[in-house]
Amino acid sequence: TGRYVNVDVNGEPHRIFYEEAGQGTPLICLHTAGADSRQWRHLLNDPEVTNRFRVLDFDLPYHGRSTPPDQWWLRKYQLTAQGYADVIRAFWQALDLVKPVVMGCSMGGAIVLKIAVDYQKELQGIVGLESAAFAPGRYNDFLHHPAIHGGELCASYTMGLGAPTTPESNKRENWWYYAQGGPGVYAGDVYFYSFDWDGRESIKTIDTQKCKVSLLTGEYDYSATPAMSEEVAASIAGSRYTLMKGMGHFPMSEDPQQFR
C-alpha cells in the first residue's frame, strides 16, 4: 500500500511518500543516495519477510514521489547527517512506530549508525547494508554540471557498483531509478556521504544490549568496502557482520532471494 504522510521536521512541513506491506515488527527501509524506495520492492513482496515484519520504505524529500520542502528552489540541496537523521526520526514518530528496526543501504547504511548512536533507546535495532563510518571520495564536480546529463551520469556511475554476477536486468532497473533523480540530488546526497559524515568515534558508544546491530556488505562493493564495514563491526561491541558473497553495493535489488 502506498500513502503520503505530512511530517514536521524541525518546524518545516514535508510531504513524504511511503509504501508498506506485512505485519509485525516495524522495519523502516532507507534507499541509497540519489535513488528512491522502489529499490525495496522485492522485500515488500517477500512473504517470508512480510509475515514477520511490517516493512515500510519511504522516499526522502527531493527523491522519488516525495516533494521538496517549501521554496526549495531558493536553496542548494545538500544533505547533512543531522538533517537526514531528523527526517527519519520524524517519519517513525509521525506513524507512531514503537521500537522499529531501521535498515539502510549505502548512505542509508551510514545514517543508521548515527540513528543508533543518537536514538538507541527508541529502536529495536539497525541493519546496515554497505555501512561505512567514513567514506570520502565519491563526490566529483561532474555529478551536477550544465554540460552533462546528470541522470545518465549518476545512473551509470552507480551501475558500476553492482557485482559482475548480477543479472543485467537487475542492474538496469536500478540504473533507471537513478536516471530519474532530480537535478543535483545525487550530488547533494553524496555531500553528506563524502564530506559531512564521520562516525568513527561516535559509533563506539552504541550499546547493542539496547539496540542490536547487524551489518551486511557485498564482496564486490568498492565504495563501502568489506574492509570498511569490518572496521565498523570492530568498533561496535556485540555487533554482527556478514560478508555477502556474489553481491555488490545494492543487495536488495541485485539478488533479492540471496539477500533475504
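Whatever comes next refers back to the structure up there.
J.: Is there a simple way to think about the overall build of the protein chain in this case?
T.: Scanning the protein chain from N- to C-terminus turns up 10 helices and 8 strands. Taking 18 Å as the expected radius of gyration for a compact globule of 260 residues, we find that the protein chain reaches 17 Å, a close match to that expectation. When its C-alpha atoms are laid out on the principal axes, the protein chain stretches across 50 × 45 × 40 Å. Counting only contacts in the protein chain whose residues sit at least 6 apart along the sequence, the fraction spanning at least 24 positions is 74%. Of the roughly 11600 Å² of accessible surface on the protein chain, 50% is carried by carbon and sulfur atoms.

J.: Just checking my understanding: could you explain helix H5 (residues 150-159) for this structure?
T.: An α-helical segment advances 3.6 residues per turn. Residues three or four places apart therefore align on the same side. For H5, the set of buried residues is Gly151, Cys154, Ala155, Thr158 and Met159. Considered in projection along H5, the buried side chains sweep an arc of 130° and stay on one side of the axis. On the buried face of H5, the contacting elements are helix H6 (168-179) and helix H7 (185-196).

J.: Quick question: what am I supposed to make of the packing of H5 against H6 here?
T.: A packed helix pair is summarised by two numbers, namely the angle formed by the two axes and the spacing between the axes. Between H5 and H6, the least distance of the axes is 8 Å, while the angle of their chain directions is 145°. Considering only the axes of H5 and H6, their crossing is right-handed. Counting all contacts with H5, which are made through Gly151, Glu152, Cys154, Ala155, Ser156, Thr158 and Met159, the residues of H6 involved are Glu168, Lys171, Arg172, Trp175, Tyr178 and Ala179.

J.: What is the right way to look at unusual backbone geometry in this model?
T.: Phi is mostly negative for residues that are not glycine, and the peptide bonds are mostly trans. We note that Gln71 has phi near 55°; this positive angle belongs to a residue other than glycine. For Lys99, which is not glycine, the phi dihedral falls at a positive 50°.

J.: Can you help me understand the side chain of Asp221 in this one?
T.: With respect to the helices and strands, the residue Asp221 is situated in the loop between strand S7 (212-218) and helix H8 (226-235). Although Asp221 lies buried, it forms no salt bridge, and the closest oppositely charged side chain, Arg138, sits 7.2 Å away as judged by the N-O distance. In terms of polar contacts, Asp221 uses its side chain to reach the side chain of His249, at 2.5 Å. If we skip the residues at most four places from it in the chain, Asp221 touches Glu130, Leu161, Pro226, Met247, Gly248 and His249.

J.: Whenever I open this one, the nonpolar core confuses me. Can you help?
T.: Leu30, Phe58, Tyr84, Ile88, Phe91, Trp92 and Phe192 are the most contacted members of the largest nonpolar core, which has 65 residues in total. In terms of residue count, helix H4 (residues 107-119) provides more of this core than any other element does, 9 residues in total. Those residues in contact with Tyr84 that lie beyond four places of it in its chain are Leu30, His31, Leu60, Leu79, Met107, Gly108, Ile111 and Phe192. In terms of nonpolar packing, the next biggest core, distinct from the first, is built from 18 residues, Leu27, Cys29, Trp40 and Val49 among them.

Conventions adopted
- All residue numbers refer to position in the chain's written sequence, counted from 1.
- In view of the model being predicted, local features appear only for residues whose pLDDT reaches at least 70, and side-chain atom pairs are presented and counted only at 80 or more, with totals across whole chains, interfaces and linings using the full set of residues.
- Hydrogen atoms and water are omitted, and side-chain values are computed over all heavy atoms in the structure.
- For the purposes of this entry, the term helix denotes a DSSP run of H or I that reaches at least four residues, the term strand denotes a run of E that reaches at least two, and both are numbered from the N terminus.
- With the radius of gyration taken over C-alpha atoms, the globule rule is written as 2.2 Å times the number of residues to the power 0.38.
- Here a residue-residue contact requires only that any non-hydrogen atoms of the pair lie within 4.5 Å.
- Surface accessibility follows the Shrake-Rupley procedure with a 1.4 Å probe radius. Residue values consider only the protein chains on display as shielding.
- Type-normalised accessible area, obtained with a 1.4 Å probe on protein chains alone, sets the label of each residue: buried when under 20%, exposed when over 50%, and partly exposed for intermediate values.
- To obtain the arc, one takes the directions from the helix axis to the C-beta atoms.
- For every element, the axis is a line fit to its C-alpha atoms; helices are fit only across the contacting stretch, and the angle between N-to-C directions ranges from 0 to 180 degrees.
- Each crossing gets its handedness from the near helix: less than a right angle anticlockwise from the far helix is left-handed, clockwise is right-handed.
- The charge count treats Lys and Arg as positive and Asp and Glu as negative. His and the chain ends do not count.
- What makes a salt bridge here is a side-chain nitrogen of Lys or Arg within 4 Å of a carboxyl oxygen of Asp or Glu, nothing more.
- Here a polar contact is recorded for every N or O atom pair within 3.5 Å, except that within protein the pair must consist of a potential hydrogen donor and a potential acceptor, and residues adjacent in sequence are included only if both atoms are side-chain atoms.
- Here, nonpolar core means buried Ala, Val, Leu, Ile, Met, Phe, Trp, Tyr and Cys residues that are tied together by side-chain atoms lying within 4.5 Å of each other.

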